[in-house]
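# Analysis of the macromolecular model
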Amino acid sequence: MTTQSESALVTTPAPPVGTPRHHIAIFVGLLVLLLIAPFVLYPVFVMKVLCFALFASALNLLLGFGGLLSFGHAAFFGSASYVAAHAAKVWGLNPEFAILLGVAAASLLGLGIGALAIKRQGIYFAMVTLAFAQMVYFIAVQAPFTGGEDGIQAVPRGMLFGIFDLSSDFTLYFVVLAIVMGGLLAIYRIIHSPFGQVLKAIRDNEPRSISLGYKVDRYKLAVFVMSAGLAGLAGATKAIVFQLSSLTDVYWSMSGEVVLMTLLGGMGTVFGPFVGAAAIVTMQNYFAGFGAWVTVIQGAIFVASVLLFREGIVGVLAKWLKKPL
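The structure presented is a predicted model; accordingly, all values stated were derived computationally and were not measured. (Residues numbered from 1 in each chain as written. Predicted model: local features only at pLDDT ≥ 70, side-chain atom pairs only at ≥ 80, totals over all residues. Heavy atoms only, no water.)

### A word on the overall build of the protein chain
- Helices and strands together make up the secondary structure of the protein chain, namely 14 helices and four strands.
- Taken against the 2.2 N^0.38 rule, which gives 20 Å for 325 residues, the C-alpha radius of gyration of the protein chain at 20 Å falls within 12% of a compact globule.
- Considering the protein chain as a whole, with its 325 residues, one finds that 48% of them fall into the buried category.
- If you sum the accessible surface of the protein chain, you get close to 15500 Å²; carbon and sulfur atoms cover 69% of it.
- One finds the centroid of the 18 positive side-chain charges in the protein chain at a distance of 12 Å from the centroid of its 12 negative side-chain charges. (Helix = DSSP H or I, 4+ residues; strand = E, 2+ residues; numbered from the N terminus. Rg over C-alpha atoms; globule rule 2.2 N^0.38 Å. Buried < 20%, exposed > 50% of the residue type's maximum accessible area, 1.4 Å probe, protein only. Areas by Shrake-Rupley, 256 points an atom, 1.4 Å probe, with all protein chains shown as cover. Lys, Arg positive; Asp, Glu negative; His and termini not counted. Charge placed at Lys NZ, Arg CZ, Asp CG, Glu CD.)

### Some remarks on unusual backbone geometry
- One non-glycine residue with positive phi stands out, namely Ala154, at about 55°.
- Topologically, Ala154 is positioned in the loop between β1 (152-153) and β2 (159-160).
- Its identity as a non-glycine residue notwithstanding, Gln243 has a phi of 55°, on the positive side.
- Among the structural elements, Gln243 can be located in the loop between α10 (216-242) and β4 (244-245).

### Overview of the environment of Phe138
- Tracing the sequence through the fold places Phe138 in helix α6 (residues 122-142).
- Sequence separation of Phe138 and Val250 is 112 residues, and the distance between their C-alpha atoms is 9.3 Å.

### Things to note about the nonpolar core
- Of all hydrophobic cores here, the largest spans 92 residues; its most connected members are Leu34, Leu50, Phe52, Phe55, Tyr173 and Val176.
- When residues in this core are grouped by element, the largest group, 16 residues, is from helix α3 (residues 43-63).
- Apart from the residues lying within four places of it in its own chain, the contact partners of Phe52 are Phe77, Met254, Glu257, Met261, Ala277 and Val281. (Core = buried A, V, L, I, M, F, W, Y, C linked by side-chain atoms within 4.5 Å. Contact = heavy atoms within 4.5 Å.)

### What to know about the pattern of salt bridges
- Evaluated as defined, the whole model comprises five salt bridges.
- When the shortest N-O distance is used, the salt bridge between Asp204 and Arg203 registers 3.1 Å.
- Under the relative-accessibility criterion, Asp204 is labelled exposed at 54%.
- Assessed through its relative accessible area of 33%, Arg203 is described here as partly exposed.
- The salt bridge partner of Lys238 is Asp249, with a shortest N-O separation of 2.9 Å. Residue Lys238 is located in helix α10, and its partner Asp249 is located in the loop between β4 and α11 (252-265); the two are separated by 11 residues in the primary sequence. No difference in accessibility class separates Lys238 from Asp249, as the two residues are buried. (Salt bridge = Lys/Arg side-chain N within 4 Å of Asp/Glu carboxyl O.)

### Considerations on the packing of aromatic side chains
- Taken as a whole and assessed by the stated rule, the structure comprises 13 aromatic pairs.
- Arranged with centres 5.4 Å apart and planes meeting at 90°, the rings of Phe27 and Tyr188 form a pair that is edge-to-face. Here Tyr188 lies in helix α7 (residues 169-191) and Phe27 lies in helix α2 (residues 21-40), a separation of 161 residues in the sequence.
- Overall, Phe27 belongs to the buried group, its relative accessible area being 11%.
- Ring centres of Phe52 and Phe77 lie 5.6 Å apart, and the angle between their planes is 35°; this geometry places the pair in the tilted category. Of this pair, Phe52 sits in helix α3 while Phe77 sits in helix α4 (residues 74-89), and the two are 25 residues apart along the sequence. We note that Phe52, like Phe77, is buried.
- An aromatic cluster of at least three residues, connected via ring pairs, comprises Phe27, Tyr188 and Phe271. (Phe/Tyr/Trp six-rings, centres within 6.5 Å; stacked < 30°, edge-to-face > 60°.)

### Here we look at the packing of α3 against α11
- Where α3 meets α11, the closest approach of the two axes is 9 Å, and the angle between their N-to-C directions is 80°. When the interaxial angle is binned, α3 and α11 end up roughly perpendicular. Contacts between α3 and α11 pair Phe52, Phe55, Ala56, Leu59, Asn60 and Leu63 from the former with Met254, Glu257, Val258, Val259, Met261 and Thr262 from the latter. (Axes fitted to C-alpha atoms, helices over the stretch in contact; angles between N-to-C directions. Parallel < 35°, antiparallel > 145°, perpendicular 65-115°, else oblique.)

Structure (structure tokens):
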């Protein structure tokens, strides 16, 4: 006899026709808020929030919808940061080409790591990704083009398309906003596509998905590469914004930090990682005066969130509203 859960996977429901109105309203409201933000807050701070929001959303695509926990996503974020910074400073490429080169490098790295990592499941998958990330960190320490502990500094922002001077924080802000919103919309489209529906089926019941004839490993590798590329987009953009690429970008703590952002905001939600990233970056910025106690404060908030909001901030809100967010 076919159980209810199995029958749901046999006939995987097609994604709903059209975009839900409340999702459109959230995207429009978020865009309006972000358009106003640089006139109220320090533009570089908001750009940092945007970069990490995209980074967390990239991980959420893999973790929340693919069911794959990566402890090594800093490898893609950091490698793209280094490649983009080197391309802009040493090769003199325009920022758009430097960022694209960083995304390509992260995607290729994701293809190589993902092809090996997906052969394992659960905690073993997470440990494999962490091991590869540590290899990337070791290369970043030793390779001459990375600048070692000094990193790549004074990265020129350049001229976008040879027209827009990105030395202005305001001009750069709107470029970063366009990049991040484009990335979020791409993730939203992936989630609600037939590909995304299969991903959810694999996440919920992998053996059943295999029995239905889906090439599970191909789907896992595809979403791993997509997530790596989007993480690379965030890292490359961050390098242009801060004109710096350093070992912090590839260190294991960066991987842990983005997992924290995803869980705090709401794993498996569309807008949760954005909220989680905003919360963590805000704490780091405004609690900086507490020194090392910032980590303790973050830990306490995370423990409280796990106990009180087990589905994350946005996850609990979605549960109360009875609408997917």
